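# Residue-level structural notes
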Amino acid sequence: MAANGTSSVLKKEIPYKFKDPSLLDTRAFVGGEWINSSTGKTFPVLDPEDDKVAAEVTDMSRKDVAAAIEAAHEAFQSYKKIPHRTRRFMVRAWADAIKANREDLAAICTLELGKPYSESLGTVKYGTDYLDWFDGLIERLGGETIPAAKQDNRVITIRQPQGVVAAITPWNSPIAMITRKVGAAIAAGNTVVCKPAPETPLCAIALAKLFERAGFPKGVLNIVPCSAENTPECGDEMTSSKFVKHLSFTGSTPVGKLLNTECAKSLKRTSMELGGNAPFIVFEDADMKKAADGLIASKFRSSGQTCVCANRILVHKDVINDFRDMVLKRLPEVLVSGSVWDKKTNFGPLYSSKGVEKVKRHLEDFKSKGATIHAGWEGGKLDSPNMIPPTLLVHSPEFADRKALQVSTEETFGPLASLMPFTEEAEAIKYANEINVGLASYFFTKDHSRMWRVAEALETGMVGVQVGLVSAVEQPFGGIKESGMGREGGGNCLEEYTEIKSITFGL
Ligand SMILES: NC(=O)c1ccc[n+]([C@@H]2O[C@H](COP(=O)([O-])OP(=O)(O)OC[C@H]3O[C@@H](n4cnc5c(N)ncnc54)[C@H](O)[C@@H]3O)[C@@H](O)[C@H]2O)c1
Ligand SMILES: O=C[C@H](O)CS(=O)(=O)O
C-alpha cells in the first residue's frame, strides 16, 4: 500500500485521498482470512464515470463458495451460543467502525457505482441506520408464553437462528443492501456467505474489513466476489448446499424466481426483494410544487436506479401542463450534475452502458408513441460514457394508449420521466394495479378521503402519500406480487432470520 492515501489496488487515479487505504482490497474474506480465488482468476471493476478499469477483484469459483459455506457452517456452531447482548455489542462496534470510516466508504461507493460523493455519504448513513436499528432489536428477540389447553402443560416459544444464510446483493445499493440483509441475519445469530454484484464488490469487501475490526468470531461473515460469468455456478452452490438454510436475495424478478425455484428443491427459506415498476399519480387537486419535488426525489434519486423509483407517471389531464412547468422549474433548482467527486454534485452517471441502452430503448419508445421531450437527453451521443441528464417527456392530454408503452411492463432504471394523462381516479388505480409487480407506489392529493381510498386500493407493499421517498429503516421494506416475499427493516425484521420453537412442559 502506498502511504500517501492512495492504494496499490487502484488501477486509475481518482481525486480522493483515502484516510485508510487498506479498506480498498480485492480479496475474498473467508473463515476470517483474506484470500484469493483457488483459480487465481480476477475480474475487472469499472469506474462508471469513464468506464476505465478501477480494480481487478478475485473471481471466486464454485469450489471456493462451497468452502466459504463450510466456514460459515462451522462458525455457526459457536456463534449461535453467544448471548444476545454480546452479539449486540459486536453489531454496535461494526456500525461505529463504518461511521468512523464513512468518507472512505463513500469514496469506494462513488468509485465503483458512479454515485456522486455527497450522495454516497448519504448511502453510508442509510446503511449504518440499519445496524443502529438492529442494535435496538436484538435483545427483544424473544419468544412468548402460551396458555396451554391441557391443565398440566405449560408452553413457551423461543426464537433460534437458522444457520448459514446466503446473501446475494445488487449493484445499485452496494452498502445499504449489505447492512440491511447481512446485518439482520447476523444480528439474529446466523452466519453469512455474501455474494455481492460483480459491478460493485469493493464496498462489500470494505464493509468486511470493518466487520473484522468489530470483534466477531472468524467465519461469521464471508464475502465471495465473483464475475458475472461465474455467478450462475456460485449461485447454484448456494441454492443446493445442505448447509444453507436461508437465501436472502435483492435483485431482478427473473433471477429471484430462478433462485426461489432452486431453493424450493430443499425447502430453504427465502427472502426476495425484487424489481418494481412504481406508479406515481398526481391528482387534479395536488399541490404542484410538492408533487414536482416528490417526483424529482423518487424518479431521479440515484439517477433513477432504485427499485422504488417512480416509473409509470400519471398526471390528471387538467393539470398536466402545470405539473410539467413546475417540474421543469424545479429540476435545475434541485439537481446538480458535474464530477461525481465534486461535493455539490447530486446527480451522476448510470452504472454502466447496459443501463444506458435500456434508457435509450424506453426514450425511443416514448418518442415513437408521441411524447415530446421538454428537458434532457434526445438520444444522441452523450458527453461522457454513462451520463444521461435528467430527462422529461410529456404526452398530449389526449394520449390514451398507455398499455402499449414499454414502461408499462418494464422498469426504466434510469433518469427518464414521461408524463401520461388520466381522467378518472378509478382509471388511474386500474392502470397502476394491472401489472405483475407491486413494490412501491406514490400519489399526491389534498383530499383526505382520497388519501385513504387510494392508499388502500394500490397493490404495492409500500405507498407514499404526498411523499416521493418511502425508504426508512423503521418501516418494513418489500413488495407483493412478483416484487418479492418478506420484509427488510421494520419492527419484525430480525424474526425473518429465526425459527420459532415451541416447548411443552408437562408438570
Ligand atoms: N426490492 C429491492 O429491495 C431491490 C433493491 C435493489 C434492486 N432491486 C432490483 O434489482 C434489479 C437491478 O439489479 P441487477 O440488474 O443487478 O439484478 P440481477 O438480478 O441481475 O442481479 C442481482 C444479483 O444477483 C446476482 N445474480 C444474477 N444472476 C444470478 C444467478 N443465476 N445466480 C445467482 N446470482 C445471480 C447478480 O450477480 C447480483 O449479485 C432491478 O430490477 C431492481 O428493481 C430490487
Ligand atoms: O433499489 C432498491 C433499494 O432497496 C432502494 S432503497 O435505497 O432502499 O430505497
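Residues numbered from 1 in each chain as written. Chains lettered and ligands numbered in written order. Predicted model: local features only at pLDDT ≥ 70, side-chain atom pairs only at ≥ 80, totals over all residues. Heavy atoms only, no water.

The name an unreviewed UniProt entry gives the chain is Succinate-semialdehyde dehydrogenase, mitochondrial, with Rhizodiscina lignyota as the organism. Under Pathway (unreviewed entry), UniProt gives the following word-for-word description of the chain: "Amino-acid degradation; 4-aminobutanoate degradation." (UniProt positions renumbered as here; feature names shortened; annotations may be inferred.)

Once that is clear, we can look at the site of ligand 2. Neighbouring ligand 2 are the residues Y126, N172, M177, R180, R301, T306, C307, V308, S471 and F477. At a separation of 2.9 Å, an oxygen atom of ligand 2 approaches a polar side-chain atom of N172. One of the side-chain nitrogen or oxygen atoms of R301 is found 2.7 Å away from an oxygen atom of ligand 2. Considered on its own, ligand 2 offers 280 Å² of accessible surface; in the complex 96% of this is hidden by protein. Taken together, the residues that form the shell around ligand 2 break down as five nonpolar, three polar and two charged. Split by domain, the shell around ligand 2 shows at least three residues from each of two domains, domain 1 (31-274 + 484-503) and domain 2 (278-472). (Near = heavy atom within 4 Å. Polar contact = N/O pair within 3.5 Å; in protein donor to acceptor, adjacent residues only side chain to side chain. Areas by Shrake-Rupley, 256 points an atom, 1.4 Å probe, with all protein chains shown as cover. Nonpolar A, V, L, I, M, F, W, Y, C, P; charged D, E, K, R; others polar. Domains from an automatic or database assignment.)

It is worth spelling out helix α3 (residues 102-113) at this point. Every α-helix carries 3.6 residues per turn, so stepping three or four residues along brings you back to the same face. Across its 12 residues, α3 extends 16 Å between first and last C-alpha, which sits within 8% of the 16 Å expected from 1.5 Å per residue. Most of α3 sits out of view: 10 of its 12 residues are buried. All of the buried residues in α3 are D104, L105, A106, A107, I108, C109, T110, L111, E112 and L113. Considering only its buried residues, α3 is in contact with β3 (42-47), β4 (52-58), α2 (84-100), α4 (117-138) and α6 (201-212). Backbone geometry just downstream of α3 places G114 in the positive-phi region, at approximately 80°. (Helix = DSSP H or I, 4+ residues; strand = E, 2+ residues; numbered from the N terminus. Expected span 1.5 Å × (residues − 1). Buried < 20%, exposed > 50% of the residue type's maximum accessible area, 1.4 Å probe, protein only. Contact = heavy atoms within 4.5 Å.)

Okay, the site of ligand 1 next. The immediate surroundings of ligand 1 are formed by 29 residues, with T169, W171, T250, S252 and L274 found nearest. For ligand 1, an oxygen atom lies 2.7 Å from a polar atom in the backbone of T169. Between ligand 1 and K195 there is a distance of 2.9 Å, counted from an oxygen atom to a side-chain nitrogen or oxygen. Contact with the protein chains covers 86% of the free accessible surface of ligand 1, which is 840 Å². Where the shell around ligand 1 is concerned, the elements lending two or more residues are α7 (231-240), β10 (244-250) and α8 (253-264). Here the shell around ligand 1 is built from residues that sort into 16 nonpolar, nine polar and four charged. Each of domain 1 (31-274 + 484-503) and domain 2 (278-472) contributes no fewer than three residues to the shell around ligand 1.

A word on unusual backbone geometry. With phi around 55°, S302 is a residue other than glycine that occupies positive phi space. If you trace the backbone, S302 turns up in the loop between α9 (288-300) and β13 (310-316). The phi dihedral of Q466 is positive, around 70°, even though this residue is not glycine. Overall, the relative accessible area of 18% leaves Q466 in the buried class.

Turning our eyes to something else, we now look at the sheet that holds strand β18 (residues 440-444). Strand order in the open sheet made by the seven strands is β14-β15-β16-β13-β12-β18-β19, with mixed pairing throughout. Single-partner strands in this sheet number two, and they are β14 (372-375) and β19 (462-465). Strand after strand, the sheet turns through a mean of 25° between neighbouring axes, direction not considered. Here β14 pairs with strand β15 (residues 391-394) via three bridges, running antiparallel. Within β15, the position partnered with T372 by the bridge is V394. (Pairing = 2+ DSSP bridges. Axes fitted to C-alpha atoms, helices over the stretch in contact; angles between N-to-C directions.)

Attention now moves to the environment of T169. Within the element layout of this structure, T169 appears in the loop between β7 (164-168) and α5 (176-187). Sequence separation between T169 and R487 is 318 residues, and the spatial gap between their C-alpha atoms is 15 Å. With sequence-adjacent residues up to four places away left out, T169 is seen in contact with M177, I178, K181, C194, K195, P196, A197 and T250.

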